[in-house]
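Listed here are the chains, written in short residue letters.
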Amino acid sequence: MNQENQQYPYEPEFSLKKLLNDRFNDFKYVLQFKKTLALILIICALAGAFVAWYKKPTYTARLTFVVDDSKSAGGAGGLSALAGQFGFNLDGLGGASGVLAGDNVEELIKSHKLMKATLLTPYDSTTAQTLADKYAAVYKLDNKWLKYSPDGKIIRFPADDKHNTRLQDSLLHEMVILILDSQFGITKTDKKLGFFEVNTTMKDERLAQLFCTRMIKQSTEFFISTKTQRLRNNVNRLSLIADSIGKLLTRKTYSASAANQDILDINPAYTNPNANIEVKERDKTVLSSVYAETVKNLEASKTMLAQETPTVQVVDEPELPLTKNKLKYSVTIPTGMLLGLIGFSFYALLTRKRK
């Protein structure tokens, strides 16, 4: 077959005028069902109003803090700030590439371990409830997990209980997943600065405030403890050594003083007492030198510990009343009517094409 004589299917040319006419005809077709359309709009408006009334409000707690770690900046602080203006991150050049440096603080605060520790803190001083108990009650998890309880009682989380059961750990794990999914977030307000903002959105106002503040407290303690653990261990070790040497030096001082007093009543012909005094004086001198050097090293280690300890300063704390997130009727009613109009229009046009 000759390809030149092959017939191709006819393709009409694109016309913007025809396209607009077709859409206008579709619009006129939908308007033919005025009564049905009005009924759908009324139903959808009532549905939108019901959603705004039924949906419980949430509360958002915001906390801003800053991490000041001068030792991690090193000599590349100026270079990092300059590179940050162009979208580059050079924190690793100045020694800030550790596990607890830079943007790693965000992942630390979102860790499951710290969130579980925060949930197990007391809710208030008047009740034995913990944040986990309150969270389970607010989000109906206590009744949901009641079927898994072996004794038929609601699962509780005592604050002083260090060993949780398998069932308690499972429920805590589900709480952490729900919180990380949409209720908790941390962002860095500016890449060039060390400011972080933590947001907690929950259905209970007091619960959101307590979880936000205590989460930062748990993270701060863990952050500082891990950052300075090696130096703190060295300071503790030197403190024990200095205390031990100090006690020995005190004993040697009293012993040498007693020997000097006893020699006054001894016959000068005997030389052993004199030698005994010299030995005790020598031991006292040696211990004094060792004690002085140990105390000097201890003070130097304390100074290094103070320099290496990062500062986590809370700038803005969440205060009551918190920001209330409530669906407004002015938003839900028009949204419901618009969705109803779109849905009915599609249904009417599809059924017309089928006919």
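Our subject in this report is the structure included herewith. (Residues numbered from 1 in each chain as written. Predicted model: local features only at pLDDT ≥ 70, side-chain atom pairs only at ≥ 80, totals over all residues. Heavy atoms only, no water.)

### Concerning the pairing of strand β3 (residues 195–202)
Quick reminder of the rule: Partly exposed describes any residue whose relative accessible area lies between the buried limit of under 20% and the exposed limit of over 50%, with all areas from a 1.4 Å probe on protein chains only and scaled to the type maximum. The helix and strand labels rest on DSSP assignments: H or I over at least four residues marks a helix, E over at least two residues marks a strand, and numbering proceeds from the N terminus. A pair of strands is labelled paired if DSSP reports no fewer than 2 bridges between them.
Side chains F196, V198, T200 and M202 project from β3 onto a buried face, and the interleaved F195, E197, N199 and T201 project onto a face without burial. Pairing analysis gives eight bridges linking strand β1 (residues 58–68) to β3, with the strands arranged antiparallel. Residue pairing for β3: T60 is matched across the bridge by T201. Where strand β2 (residues 184–188) hands over to β3, the hairpin turn is made up of six residues, counted between the paired strands.

### Focus on unusual backbone geometry
With an omega of 0 degrees, the peptide bond running from L320 to P321 counts as cis. Here P321 lies in the loop between β4 (311–316) and β5 (323–325). Its identity is not glycine, yet K140 carries a phi of approximately 60 degrees, on the positive side. Mapped onto the fold, K140 is located in the loop between α7 (131–138) and α8 (141–144).

### Re a positive patch on the surface
What counts, and what does not: Residues forming no salt bridge and having over 30% relative accessible area are the ones grouped into patches, like charges within 9 Å of each other and nonpolar side chains (Val, Leu, Ile, Met, Phe, Trp, Tyr) within 5 Å. Using the Shrake-Rupley algorithm and a 1.4 Å probe, accessible areas are obtained, with residue cover drawn only from the displayed protein chains. Criterion for a salt bridge: a side-chain nitrogen of Lys or Arg within 4 Å of a carboxyl oxygen of Asp or Glu. Lys and Arg are tallied as positive, Asp and Glu as negative. Neither His nor the chain termini are counted. The location of each charge is read from NZ of Lys, CZ of Arg, CG of Asp or CD of Glu.
A cluster of like positive charges, contributed by K55, K56, K140 and K203, occupies part of the molecular surface. Inspection of the secondary structure puts K56 in the loop between α2 (34–54) and β1. The class for K56 is exposed, based on a relative accessible area of 54%.

### With respect to the environment of V105
Secondary-structure assignment places V105 in helix α5 (residues 104–109). The buried category is assigned to V105, whose relative accessible area is 8%.

### As for the packing of aromatic side chains
Put simply, the test is: Each Phe, Tyr or Trp ring (for Trp, its six-membered ring) is paired with any other whose centre lies within 6.5 Å, and the angle between the two planes then decides the class: stacked below 30 degrees, edge-to-face above 60, tilted in between.
What the rule picks out here adds up to eight aromatic pairs. Plain terms: the ring middles of F50 and W53 are 5.8 Å apart, the flat faces sit at 40 degrees to each other, and that makes the pair tilted. Separated by three residues within a single helix, F50 and W53 lie in helix α2, roughly one turn from each other. Among the residues examined, F50 registers a relative accessible area of 46% and is labelled partly exposed. Of the aromatic side chains, those joined through ring pairs into one cluster are Y29, F33 and F344.

### Concerning the nonpolar core
Selection criterion: Working definition of a nonpolar core: buried Ala, Val, Leu, Ile, Met, Phe, Trp, Tyr and Cys residues. They are joined through side-chain atoms within 4.5 Å. Throughout, a contact is declared for two residues whenever any of their heavy atoms are within 4.5 Å.
Judged by nonpolar contacts, the single largest core of 43 residues is most densely connected at F65, L119 and M175. Elements represented by at least two residues in this core include exactly β1, α5, α6 (112–119), α7, α9 (166–183), β2, β3 and α10 (205–227). In contact with M175, other than residues within four places in its own chain, are L119, A132, Y135, A136, L141 and F157.

Taken by themselves, the reported measurements are silent on function.
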